[in-house]
Amino acid sequence: MAVEQAHDPEACKGVDAGITRVFQVLGKRWNGPILSVLMDQPTHFANLRRAIPGISERMLSDRLAELGAAGLVVREVDEGPPLRVSYRLTAAGAALEPSLKTLGEWAREHLPESAC
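Residues numbered from 1 in each chain as written. Predicted model: local features only at pLDDT ≥ 70, side-chain atom pairs only at ≥ 80, totals over all residues. Heavy atoms only, no water.

Across six bridges, the pairing between strand S2 (residues 73–78) and strand S3 (residues 84–89) is antiparallel. Residue pairing in the sheet places Arg 75 in a bridge with Tyr 87 of S3. The hairpin formed by S2 and S3 contains five residues between the paired strands. (Pairing = 2+ DSSP bridges. Helix = DSSP H or I, 4+ residues; strand = E, 2+ residues; numbered from the N terminus.)

Following this line, the structure appears as structure tokens:
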């Protein structure tokens, strides 16, 4: 007969708070691709939208606002004419580059195309 072991809640590993915070931002659809495009250089809104197939103008605007609130992206207005808005990574956003590149390499190796 199997002996039941008592459950010790203290022995359970909790979710790392940092991992929780990072995936609250990076786990949202479109945020990874937006950051990836901005890694290369500051980009105007229209060019950013063209670089990410399938994203709507509204969704791009919403995600950029969220990334800005998280301190990862800065919105800059280029005085015209014509008036243009561009986005660039902050130092915190740029610091994600090694991690995002590593995640991309991991995905190429471990996630089949059909999983996406």
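What the three strands build is an open sheet, ordered S1-S3-S2; its pairing is antiparallel. In the strand order of this sheet, the two ends are held by strand S1 (43–44) and S2, each with one partner. Here helix H2 (residues 31–40) sits on the sheet and contacts S1, S2 and S3; the angle it forms with S3, its principal contact strand, is near 95 degrees. (Contact = heavy atoms within 4.5 Å. Axes fitted to C-alpha atoms, helices over the stretch in contact; angles between N-to-C directions.)

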